[in-house]
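Breakdown of the fold
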Amino acid sequence: MAGLVNNLLILFLIFQNSCLAFRSPLSVFKRYKDTVRTHSNECLGSNRQLVPMGLSDFALDIRMPGVTPKQSDTYLCMSLRLPVEEEAYVVDFRPQASMDTVHHMLLFGCNNPASDDDYWDCNGGTCMDASNILYAWARNAPPTKLPKGVGFQVGGEKGSKYFVLQVHYGDISAFKDKHKDCSGVTLHLTNQKQPMIAGMYLMMSMDTVIPPGEKAVDADIACHYKMYPMHVFAYRVHTHHLGQVVSGYRVRDDQWTLIGRQSPQLPQAFYPVENPVEIKYGDTLAARCVFTGEGRSTETYIGGTASDEMCNFYIMYYMEAKHAVSYMTCTQNINPEMFKNIPQEANIPIPVKPDMALMGHGHHEESRNGDTGLIMQQPKREEEEVLDQDLKIEEIADWPGVNLKLGQVSGLALDPNSNLVVFHRGDHVWDANSFDDNYVYQQKGLGPIKESTILVLDPNNSAILHSTGKNLFYLPHGLSIDNNGNYWVTDVALHQVFKLGPHGVESPLLTLGKAFQPGSDRNHFCQPTDVEVDPITGNFYVSDGYCNSRILKFSPTGMFIAQWGEEPSIGQAKPSQFRIPHSLTLVSDFGQLCVADRENGRIQCFKTETGQFVKEIRHPSFGREVFAISYAPGGLLFAVNGKPYPGDKEPLQAFVMNFSTGAIIDTFIPLRKSFEMPHDIIASEDRTVYIGDAHTNTVWKFTSTEKMEHRSVKKAGIEVQEIKEAEAVIEARLTNKPVSKELLKKEEKHHVVQQANTEVSVVLITTLLIIPIVVLLAIVIFIWWRKTRLYGGKGSGGLNLGNFFASRAGYSRKGFDRLSTEGSDQEKDEDDPTDSEEEDSVPQPPVLPPSSS
């Protein structure tokens, strides 16, 4: 019986090891090829990029594949796919670089690298989708150390699938010998869930203007913190050339606690905080960037090029896993008065030795054009992106507004109460018979639209709250709403622009243009398309239009101020040339007015004060047309394109872009019905987006699916949970306020669902583990019973698996004799050649494959 117990113990240990191997990430690696990108022989270290570190941990070596930069200030990128599909956690970073060779490195996480080559010039981009900075290293900067039990979550359903390494080779004099470089970083990853999840909090100024010659200019940022506690362990500052010092603080009970303070002219890595800082619900996070305008002869704005500036303060933190949020932003200043009490240290520049200064912060040195103060724009680096949000937009599938009975939907806007306002054409239709060759409306005999053309909808249930605009319009087009709730609209049949009061007044407060008279002077329009009102000055802008190619600026009372724009000449359109300026959006954060230049398939942006061209945003995925655009405060630009021409490949879709960089973050289409002519788009600060279609007569509502948005739509129809409800529960618990019974019931229900899911998982895993044990026990008992009968009830002294399987037809003894226990039936064959070959008890994981081409 003792032998039986020993055998059972051995079988249990073998089974346990098998189970552990099953749970290990090493057991679920994809079947990669044995070799990956081959490093140069001159590169030191192992060629293996994946190194096991036990049953649950492994190291991932992310290195440049033996490169030799040809010129200074070269940026090279390479990507590496995470070798596991399940979620894992990065718990440590070890730089593999020398300041003699590398100026700085950045490691990004994303799902779609900009290239699948072994390496590429980062001027072509780092990632095609949104990316997050996971790690930064620069000369003389300390390495980033994650506290014990803290990790960045990667892989799985929500984490990044790829790592992208960006290496900046500053001075290439070290490469005179033409050697090859394999600088990079080694990651320590584990599949063991970490109790604390690391994340990034970005504080960023959006509207700072630096006057020329000004000695000191402050850019202040402040936001209330309304989440569960986060613990700060590192920080990073970022400006361009004019930044003097950047400081970040926690403000609690009027006490300012320093998070970090650094000169942005030093290597812009993540620096560890000197003293741990905990941020709790109700605290205020505040940051200040100090700039100088000396040496500039023109105003400097926030933007993504070398001639612009940026004010960013990054906070690297960790939170309890159950409450973790991986990314948060702050782009406001909720209390300018509080900065009167900011510690004096925040206003004092940090001296920087010339040899320590960052060489252009990722830009080349400024190249001045004479003494005009204009700085030649340099290619944007990924590290300069204003928003690196993992933003995804999806239709709210249960919003009933999609079923409203409308005419052709031409315009959308949001009123001061965030209600959706729809401008539609009722029973009138714009078709080939609507105008003659001189743009004169041919269907006046139909009379004006008799039904209400302006509908105010409840954004939640699409109920009509108010309506107006009867017997006024013939072919509605553009719609905008000012701070006072006034409606500003255009009518392409009337060739006019109107201002209507917000309280159902059917007669216009202001009318511009002559009814049914197209023209191109200051008093006439020709099929004007849109209006935008400056919330600060009250000036308004008109895009005019289908038969004029211009933007007009008027005072609040309708006095003409200025105009710009012209029809393109032969060839590619130049700045300020338009082929149907179809839609307008004000970007107040940057002091710009952007235009959807429809038939040129691009977006043009201009300074609101002067009409001076600032930039163009153009992507191949736009196709030939851009119909409408909308800016959401906080740095996001939304757009819809036009229906593709026969033979074109670009689909009809909507876009969300980083305004500063122009990069596309996401594209989206509706789940119900399909786009045919998406004619207008409007987006709010909370990333709620509405799109109106002039062919399907439909309005869709979309929202962000990222964690920090107000709505989280769970698929499969299980549950729709409002984050506002969660915030209310958090606020009540952290401030000892009573929680409503309704919210408690919802949270309890959510907890029960989560607990049930967890219990199901535990039961399933336990069952899977028990079944093999039961089977093995049954086999053992059967063998013991069989042998007891054969030997008259005497024990055989033990179990020999080799003999058992060898007695079955088709099985060999090879590999089983080593499991024979002491006192077994047969003695070990000393001459058996099979015993001379050792087999690894735990197989080594395959190595990563080369990038697909």
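This part covers the overall build of the protein chain. For the protein chain, the count of helices and strands is four helices and 47 strands. The 853 residues of the protein chain split such that 53% are buried. Partitioning the intrachain contacts of the protein chain with sequence separation of at least 6 by distance along the chain shows that 66% fall at a separation of at least 24. Taken as a whole, the protein chain presents about 39,600 Å² of accessible surface, with 52% of it coming from carbon and sulfur.

Hydrogen bonding along the main chain pairs the strands of a sheet, whether they run parallel or antiparallel. Pairing is antiparallel across the open sheet formed by four strands, whose spatial order is β22-β45-β44-β43. Pairing within the sheet leaves two strands with one partner each, and these edge strands are β22 (393-395) and β43 (678-683). The sheet shows a mean angle of 25° between the axes of neighbouring strands, direction not considered. Looking at chain direction, strand β44 (residues 689-693) and strand β45 (residues 698-704) are connected through five bridges and run antiparallel. Bridged to G692 within β45 is V699.

By the criterion of burial, strand β8 (residues 150-154) is predominantly enclosed, with four of the five residues buried. Relative to β8, strand β4 (residues 88-96) runs antiparallel, the two sharing three bridges. Following the sheet pairing, A88 is matched in β8 by V154.

Formed by 74 residues in total, the largest nonpolar core has its most connected members in I62, F163, L187, L189 and I603. Residues I197, M230, V232 and A287 belong to the second largest nonpolar core, which totals 39 residues.

Let us look at the pairing of strand β14 (residues 230-238). Along β14, eight of the nine residues are buried, which leaves the element largely enclosed by surrounding structure. For β14 and strand β17 (residues 271-279), the ladder comprises five bridges, and the chain directions are antiparallel. Looking at the pairing, H231 lines up with E278 of β17. Relative to strand β20 (residues 312-320), β14 runs antiparallel, the two being bridged by seven bridges. Bridging across to β20, A234 finds its partner in M316.

Let us look at the packing of aromatic side chains. In total, this model carries 30 aromatic pairs according to the counting rule given. Ring geometry for W256 against F339: centres 5.9 Å apart, planes inclined by 65°, an arrangement best described as edge-to-face. Here the residue W256 occupies a position in strand β16 (residues 255-262), and F339 occupies one in the loop between β21 (327-330) and β22, the gap between them amounting to 83 residues. Aromatic pair F423 and F473: ring centres 5.3 Å apart, planes at 85°, arrangement edge-to-face.

Here we come to the state of the cysteines. Under the criterion given, the structure shown has six disulfides. Here C110 connects covalently by a disulfide to C127, the sulfurs 2.2 Å from one another. Disulfide C110 to C127: torsion about the S-S bond roughly -75°, handedness left-handed. With C110 in strand β5 (residues 104-110) and C127 in the loop between β6 (120-121) and β7 (132-138), this residue pair connects regions lying 17 residues apart in the sequence. Across this residue pair, the class does not change: C110 and C127 are buried.

Moving on to the sheet that holds strand β29 (residues 496-500). Read from one edge of the open sheet, four strands run β27-β28-β29-β30, paired in antiparallel fashion. With partners counted over all chains shown, the strands left at the sheet margins are β27 (476-481) and β30 (510-512), one partner each. The mean inter-strand angle of the sheet, taken between neighbouring strand axes irrespective of direction, is 15°. Inspection of the sheet shows β27 paired to strand β28 (residues 487-491) by four bridges, in the antiparallel sense. Its bridge partner lying in β28, S480 is registered against W488.

Turning our eyes to something else, we now look at the side chain of H428. For H428, the location among the structural elements is in the loop between β24 (420-424) and β25 (454-457). Reaching out from H428, the side chain makes a polar contact with the backbone oxygen of Y474 at a distance of 2.9 Å. Filtering out sequence-adjacent residues up to four positions away, H428 remains in contact with Q408, Y441, L446, G447, P448, I449, Y474 and L475.

The next point concerns a nonpolar patch on the surface. Taken together, the side chains of I771, V775, L776 and I779 present a nonpolar region at the surface, about 300 Å² in accessible area. With respect to the secondary-structure elements, I779 resides in helix α3 (residues 741-790).

Attention now moves to the environment of I481. When you line up the elements, I481 lands in strand β27. Here I481 falls in the buried class, since its relative accessible area comes to 15%. In this structure the C-alpha to C-alpha distance between I481 and V421, which are 60 residues apart in sequence, comes to 8.9 Å. Aside from chain neighbours lying at most four places away, what touches I481 is A413, L414, D415, P416, V421, N486 and Y487.

Quick look at the pattern of salt bridges now. Applying the stated rule across the entire model yields 16 salt bridges. In this structure, R252 engages D283 in a salt bridge whose closest nitrogen and oxygen atoms are separated by 2.7 Å. Pair noted here: R252 is in strand β15 (residues 243-252) and D283 is in the loop between β17 and β18 (284-291), with a separation of 31 residues, a long-range link. The exposure class of D283 is buried, given its relative accessible area of 2%. For the salt bridge of K392 with D666, the shortest nitrogen-to-oxygen distance reads 3.9 Å. One end of the pair, K392, is in the loop between β21 and β22; the other, D666, is in strand β42 (residues 664-668), with 274 residues separating them in the sequence. Several salt bridges converge on common partners, so that one network encompasses D597, R602, E616 and R618.

In this model, the protein chain carries a mean pLDDT of 78, and residues with pLDDT of at least 70 account for 73%. Segment residues 746-761 is flagged for pLDDT under 50; beyond a separation of four residues in sequence, or across chains, it makes six contacts in the model.

So, about the side chain of S549. With respect to the helices and strands, the residue S549 is situated in the loop between β32 (540-544) and β33 (550-554). Classification of S549 as buried rests on a relative accessible area of 16%. Non-local contacts of S549, meaning those with residues more than four positions away in its chain, are made with D544, W564, G565, E566, E567, F578 and P581.

Okay, the environment of I551 next. Along the chain, I551 falls in strand β33. Along the primary structure I551 and P581 are separated by 30 residues, whereas in three dimensions their C-alpha atoms are 7.9 Å apart. When near neighbours in sequence (up to four residues on either side) are disregarded, I551 contacts Y541, V542, S543, A562, Q563, W564, F578, P581, L584, L593 and V595.

With that settled, the discussion passes to unusual backbone geometry. The residue after D544, namely G545, is reached through a cis peptide bond having omega -10°. Positionally, G545 belongs in the loop between β32 and β33. For Y439, which is not glycine, the phi torsion reads 70° and is therefore positive. By secondary structure assignment, the location of Y439 is in the loop between β24 and β25. In this structure Y439 comes out as partly exposed when scored by relative accessible area, which is 36%. Even without being glycine, N471 reaches a positive phi, approximately 55°. Turning to its location among the elements, N471 is positioned in the loop between β26 (464-468) and β27.

Tracing the sequence through the fold places L512 in strand β30. Since its relative accessible area comes to 9%, L512 is described here as buried. Separated by 46 residues in sequence, L512 and G558 have C-alpha atoms that sit 7.3 Å apart. Not counting chain neighbours up to four residues away, the residues in contact with L512 comprise H495, Q496, V497, F525, F540, F554 and G558.

Reading guide: rules and limits
Residues numbered from 1 in each chain as written. Predicted model: local features only at pLDDT ≥ 70, side-chain atom pairs only at ≥ 80, totals over all residues. Heavy atoms only, no water. Helix = DSSP H or I, 4+ residues; strand = E, 2+ residues; numbered from the N terminus. Buried < 20%, exposed > 50% of the residue type's maximum accessible area, 1.4 Å probe, protein only. Contact = heavy atoms within 4.5 Å. Areas by Shrake-Rupley, 256 points an atom, 1.4 Å probe, with all protein chains shown as cover. Pairing = 2+ DSSP bridges. Axes fitted to C-alpha atoms, helices over the stretch in contact; angles between N-to-C directions. Core = buried A, V, L, I, M, F, W, Y, C linked by side-chain atoms within 4.5 Å. Phe/Tyr/Trp six-rings, centres within 6.5 Å; stacked < 30°, edge-to-face > 60°. Disulfide = S-S within 2.5 Å. Polar contact = N/O pair within 3.5 Å; in protein donor to acceptor, adjacent residues only side chain to side chain. Patch = residues over 30% accessible without salt bridge, like charges linked within 9 Å, V, L, I, M, F, W, Y side chains within 5 Å. Salt bridge = Lys/Arg side-chain N within 4 Å of Asp/Glu carboxyl O. pLDDT = per-residue confidence, 0-100.

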